[in-house]
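What the coordinates show
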Amino acid sequence: VVSVSGIITSLAAALNAASVATLTSWSETELYQWADEAVKRLARAAGVFVTRTEIPIAALDNTIPLPAGHTGTIHVSLDGAILRPANESELSARDSDWENATGVVSRYTADTNGLDSLRVYKTPTADGTIALIAREHPADLAAASPNLAAPDPIGLYLRYLILAEARKREGDECMPDVAAHYQERLKLLDTVMQAYWGGGQ
Amino acid sequence: MQFSELQSRTLQRLDEDPTGAVVGYYTAQEVKDALNDAQLLFCFLSLCLETSALFRLETGVNFYPLLSPLPDFMLPLRVNLATTAGSAARHNDPRSNDPLFNDETAILSGSGGRLRPVRLADLDARDANWLTKRETPERYGCLGFDLCYVSPAPDVEGYQALITYARSPSVMVGDDDAPEIPENYHAALIDYAVPTLRTKEGAGELSKELDTLRRYLGACGELAGYVRTRSLALRYDKLPFEIERYDASRLLQIRKDLPPWRKEVPSWSQSPAS
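My aim in this report is to walk through the structure given alongside it, one point at a time. Just so you know, these numbers come straight off a predicted model, no measurement behind them.

Scanning chain A from N- to C-terminus turns up 5 helices and 9 strands. Mapped from its N terminus to its C terminus, chain A presents α and β elements in the order β-α-α-β-β-β-β-α-β-β-β-β-α-α. Against the globule reference of 17 Å for 201 residues, chain A gives a C-alpha radius of gyration of 22 Å, more extended than a compact globule. In terms of principal-axis extent, the alpha carbons of chain A reach across some 65 × 30 × 30 Å.

Residues and elements named next belong to chain A. Among the secondary structure elements, E136 is positioned in strand 8 (residues 128-136). Here E136 is buried and forms no salt bridge, its nearest opposite-charge partner R135 lying at an N-O distance of 11 Å. Here the side chain of E136 touches T51 through a polar contact of 3.1 Å, side chain to side chain. Other than its neighbours up to four places away in sequence, E136 contacts A43, F49, T51, T53, P67, A68, G69, H70 and T71.

Looking now at the interface of chain B and chain A. At the junction of the two partners, chain B supplies 52 residues and chain A supplies 45 residues. Between chain B and chain A, roughly 4,200 Å² of surface is buried when both sides are summed, and carbon and sulfur atoms account for 68% of that area. Across the salt bridge formed by D37 of chain B and R159 of chain A, the nearest N and O atoms sit 2.9 Å from each other. In this assembly, chain B and chain A are joined by 18 residue pairs in polar contact (both at pLDDT 80 or more). Of all the secondary-structure elements, those providing two or more residues to the side of chain B that touches chain A are helix 2 (28-46), strand 3 (73-82), helix 5 (120-126), helix 6 (186-198), helix 7 (203-208) and helix 8 (210-233) of chain B. Element by element, the count of residues in the side of chain B that touches chain A is highest for helix 2 of chain B, at 7 residues. Split into classes, the residues belonging to the side of chain B that touches chain A amount to 35 nonpolar, 7 polar and 10 charged.

Take the sheet that holds strand 4 (residues 114-117) of chain B next. Residue and element names in this part refer to chain B. If you trace the 7 strands from one edge of the open sheet to the other, you get 1-7-3-4-5-6-2, paired in mixed fashion. Looking along the sheet, the strands with just one partner apiece sit at the ends: strand 1 (50-56) and strand 2 (63-65). Within the sheet, the average angular offset between the axes of one strand and its neighbour, ignoring direction, is 35°. Examined bridge by bridge, strand 3 and strand 4 share 2 bridges and lie antiparallel to one another. Residue pairing across strands places V79 opposite L115, the latter belonging to strand 4.

Our focus in this paragraph is the pairing of strand 5 (residues 81-85) of chain A. Residues and elements named next belong to chain A. When strand 4 (residues 70-78) meets strand 5, the two strands line up antiparallel, connected through 3 bridges. When the bridges of strand 5 are listed, L78 appears paired with A81. Taking the residues between adjacent antiparallel strands as the criterion, strand 4 and strand 5 are bridged by 2 residues, where D79 takes a positive phi near 50°. Where strand 5 and strand 6 (residues 107-109) come together, 2 bridges link them in parallel fashion. For P85, the partnering residue across the bridge sits in strand 6 and is Y108.

This next bit is on the packing of aromatic side chains. This model, assessed by the stated rule, comprises 14 aromatic pairs over all chains. Geometrically, the ring pair formed by Y160 of chain A and Y182 of chain A is tilted, given 5.8 Å between the ring centres and 40° between the ring planes. Highlighted residues: Y160 of chain A in helix 4 (residues 153-168) and Y182 of chain A in helix 5 (residues 176-197), separated in sequence by 22 residues. Take Y160 of chain A and Y182 of chain A: they sit in the same class, and that class is buried. Considering the side-chain rings of F55 of chain B and Y64 of chain B, the 5.6 Å spacing of their centres and the 75° angle between planes classify their relative orientation as edge-to-face. Taking the relative accessible area as the measure of exposure, F55 of chain B reaches 8% and is therefore buried. With relative accessibility at 5%, the residue Y64 of chain B sits in the buried group. Put simply, the rings of F42, Y185, Y192 and Y216 of chain B touch in pairs and so form one group of aromatic residues.

Below, the discussion takes up the side chain of D37 of chain B. Residue placement: D37 of chain B occurs in helix 2. Contacts of D37 of chain B, omitting those with residues within four sequence positions, involve L156 and R159 of chain A together with Y192 of chain B.

Moving on, we get to the packing of helix 2 (residues 28-45) of chain A against helix 5 of chain A. All names here are of chain A. At a minimum axis distance of 10 Å, the contact between helix 2 and helix 5 shows a crossing angle of 45°. When the axes of helix 2 and helix 5 are compared, the pair comes out oblique. Crossing of helix 2 over helix 5 shows right-handed handedness. Facing R41, L42 and A45 of helix 2, the residues of helix 5 in contact are Q183, L186, D190, M193 and Q194. Residue composition of the contact of helix 2 with helix 5, by class: 4 nonpolar, 2 polar and 2 charged.

What follows concerns the pattern of salt bridges. Under the criterion given, the structure shown has 25 salt bridges over all chains. D36 of chain A serves as the salt-bridge partner of K40 of chain A, at 2.8 Å between the closest nitrogen and oxygen. Here K40 of chain A and its partner D36 of chain A are both found in helix 2, 4 residues apart, which amounts to about one turn of the helix. We classify D36 of chain A as buried; its relative accessible area is 13%. A salt bridge links D122 of chain B to R119 of chain B; the shortest N-O distance between them is 3.1 Å.

What follows deals with the environment of E54 of chain A. Residue and element names in this part refer to chain A. Tracing the chain through its elements places E54 in strand 2 (residues 50-57). Its relative accessible area of 51% is what places E54 among the exposed residues. Spatially, the C-alpha atoms of E54 and L78 are 9.4 Å apart, while their sequence positions differ by 24 residues. Setting aside its immediate chain neighbours within four residues, E54 contacts T129 and I130. A distance of 3.1 Å separates polar atoms of two side chains, one belonging to E54 and the other to R52.

This part takes up the nonpolar core. Core analysis: the largest hydrophobic core is formed by 116 residues, its most contacted members being V48, F49, L148 and M193 of chain A together with F42, Y216 and L217 of chain B. Those residues within four positions of M193 of chain A in sequence are excluded, and the remaining contacts are L42, A46, V48, P153, I154, Y157 and G198 of chain A together with F44 of chain B. Within the second largest apolar cluster, 14 residues are counted, among which are I55, I57, L118 and A134 of chain A.

Reading the values: the criteria
Residues numbered from 1 in each chain as written. Chains lettered and ligands numbered in written order. Predicted model: local features only at pLDDT ≥ 70, side-chain atom pairs only at ≥ 80, totals over all residues. Heavy atoms only, no water. Helix = DSSP H or I, 4+ residues; strand = E, 2+ residues; numbered from the N terminus. Rg over C-alpha atoms; globule rule 2.2 N^0.38 Å. Buried < 20%, exposed > 50% of the residue type's maximum accessible area, 1.4 Å probe, protein only. Lys, Arg positive; Asp, Glu negative; His and termini not counted. Salt bridge = Lys/Arg side-chain N within 4 Å of Asp/Glu carboxyl O. Polar contact = N/O pair within 3.5 Å; in protein donor to acceptor, adjacent residues only side chain to side chain. Contact = heavy atoms within 4.5 Å. Buried area = accessible area lost by both parts, 1.4 Å probe. Nonpolar A, V, L, I, M, F, W, Y, C, P; charged D, E, K, R; others polar. Pairing = 2+ DSSP bridges. Axes fitted to C-alpha atoms, helices over the stretch in contact; angles between N-to-C directions. Phe/Tyr/Trp six-rings, centres within 6.5 Å; stacked < 30°, edge-to-face > 60°. Parallel < 35°, antiparallel > 145°, perpendicular 65-115°, else oblique. Left-handed = near helix turned anticlockwise from the far one by under 90°. Core = buried A, V, L, I, M, F, W, Y, C linked by side-chain atoms within 4.5 Å.

Below is the structure:
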């Protein structure tokens, strides 16, 4: 578990302050916001945060609400049966009345109902459980929820992004060249994480 | 090299009191943090630390979280099927009486002690019912840092996976702690810590230390090369990042289009090209 509060406390010295409370150009809230942005950016850049969620689906319901923080679907199954991805034109070509068809579920599509839900084809006639494997970003980071379940190197990523954003900020303690240096460190970590865990969105 | 000596040498390079008795521009804690970060990044880039742990496989379960049972987990390197005794399954497997049974044949035949890596898409393509199949596990895969899957799911109790994985180093706290990376690379940690600490002084000071950061990345690449060769020989499933192929030129120089360079050499002061 990465302790974001520990990272922020330790960054006070790198930001020329004795403690977080004595930071002059930034507030603790801003540092947490940048940590949160770092996690969300990383979730888009690399396939680091992958979860498996079980979602109950009722008979005659063909819509699967996606969990909060969902960034990309990897795999969907219903009660152990694999559902293949399909787009709307494929479903239309397969079955002209696909929207009303009921029976054995074999496909899912992300083309309907916007970005926050999936739809299955055919509409199931019995209750079941969808197992969704997806890329997600974790819950928001803040002073009240300062821990991130992630391996230790993710802590380095947060540290670099916070320093890059802090030093980029216009003001007396602005150091744009140092910010650019930390951005380059972030790019290195992006590349390494993509090599280890695959691409993101 | 002990942690205290690393701190002392770092402070010396920063022109501070090496004993730490007189607190100057850098605090003892930020030096410690920088050295710990140096070791963490070193291990992440080179995958030089590995360990093995037993992982219980449940009957009928395909998916497992990894980070909660293995908090120092970074990447899987190899997974073997193990018995409850903790030894690789092939040692207790009846097939081990067969003189031809070894790792090589196991991998070729697809049924043996070692679980081979596989993607979900490949499992779907091979067998649409793999999620409901119950047999001796043969394949495994990982998604992200936390989600691991095996296929088929175990059919009986008692299976365990012996997972060899690249791990994070322990945080150095006490003065007599020592880095876990090979001893001949301990000095490389100072090469990371000094430029990192210098960043709070601005680009002028940082630029003087970028060569040491280059040396640090060189040391990472050198050890990663050794680990890669070894991993290939051991047929590990993940190899270290090829840092020598990464274009670090922008990381190792200060951008000339940003202050203070821009102030020192303004474009209008340069003589026009003849």
